[in-house]
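For reference, the chains in residue letters:
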Amino acid sequence: MNLYLRYFDKETLVYNVDDAIAFLRSIEDIEMDDELEADVRNYVASDVFYPKRYKVRPRVYFIIIKTTAETMLDFKQKKALHPNAPQIQEKREMMANAMTRLSEEVPGWYEGILDFKRVVLIPATGKYEYRDTHFVAQVKANSGQDCYNRIVDYLRDRVDSRSQFPSAKGKNFHFRYLGMWK
């Protein structure tokens, strides 16, 4: 992992933390003490890939960015992609598959599981509060989205109108196809 450092118009691409510290010591405005050196070493050793900004004085900072770029030109042209980029793409594909599954038309019985915020009256105080409620139902539907719509329509008639229902696309709604109806 290489390091890109920048302080105003002074910038460099170094291949280890010792070169980075030497670069920072060469800048007169930056007071390189043991605490700052230890913090830079900890950042470089960590698994964090976000850029790190260090305060020199009010509204003045220098920045360190971890990169896989071998040259300054590669870094400037953004040719060195983050090593986790395939994982991010894979996560996007999984989300797209979940969205496709939700709208896929397959008539039959579905089991829908919905976690929502239900408004209930507390008799002792006469006040209302939100309570997390877990609701499971088996419904005839044409798709996962249709299953969600049927469950929410059923609940809207039976709970306080201030209750909050999650999105069908979120983590608080799950469904599974049980089979074709007869």
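The structure under discussion appears in the preceding block.
Since we're looking at a predicted model, the values are computed, not measured.

## So, the overall build of the protein
Part 1: Scanning the protein for helices and strands turns up five helices and seven strands.
Part 2: By residue count, 32% of the 182 residues in the protein fall in the buried class.
Part 3: Counted over contacts in the protein with a minimum sequence separation of 6, partners at least 24 positions apart contribute 55%.
Part 4: Surface summary for the protein: the accessible area is close to 12700 Å², and the carbon and sulfur share equals 50%.

## Points about the sheet that holds strand 6 (residues 127-141)
Part 1: Spatial ordering of the open sheet is given by 6-5-7, a layout of three strands whose pairing is antiparallel. Strands with a single pairing partner mark the edges of an open sheet, and in this sheet they are strand 6 and strand 7 (173-179). With strand direction ignored, the average angle separating the axes of adjacent strands in the sheet is 25°.

## With respect to the pairing of strand 5 (residues 108-122)
Part 1: In this structure, strand 5 lies alongside strand 6, joined through 15 bridges in antiparallel fashion. Bridging across to strand 6, Phe116 finds its partner in Thr133.
Part 2: Summarising the sheet, strand 5 and strand 7 pair through six bridges and their orientation is antiparallel. Each bridged residue has a counterpart across the sheet, and for Leu114 the counterpart in strand 7 is Phe173.

## Observations regarding the side chain of Glu111
Part 1: Take Glu111: it is sitting in strand 5.
Part 2: Assessed through its relative accessible area of 14%, Glu111 is described here as buried.
Part 3: Among the polar contacts made by the side chain of Glu111, one reaches the side chain of Arg176 at a distance of 2.9 Å.

## So, a nonpolar patch on the surface
Part 1: Taken together, the side chains of Trp109, Tyr177, Leu178, Met180 and Trp181 present a nonpolar region at the surface, about 470 Å² in accessible area.
Part 2: Its place among the elements puts Trp109 in strand 5.
Part 3: Overall, the relative accessible area of 34% leaves Trp109 in the partly exposed class.

Procedures and definitions
Residues numbered from 1 in each chain as written. Predicted model: local features only at pLDDT ≥ 70, side-chain atom pairs only at ≥ 80, totals over all residues. Heavy atoms only, no water. Helix = DSSP H or I, 4+ residues; strand = E, 2+ residues; numbered from the N terminus. Buried < 20%, exposed > 50% of the residue type's maximum accessible area, 1.4 Å probe, protein only. Contact = heavy atoms within 4.5 Å. Areas by Shrake-Rupley, 256 points an atom, 1.4 Å probe, with all protein chains shown as cover. Pairing = 2+ DSSP bridges. Axes fitted to C-alpha atoms, helices over the stretch in contact; angles between N-to-C directions. Polar contact = N/O pair within 3.5 Å; in protein donor to acceptor, adjacent residues only side chain to side chain. Patch = residues over 30% accessible without salt bridge, like charges linked within 9 Å, V, L, I, M, F, W, Y side chains within 5 Å. Salt bridge = Lys/Arg side-chain N within 4 Å of Asp/Glu carboxyl O.

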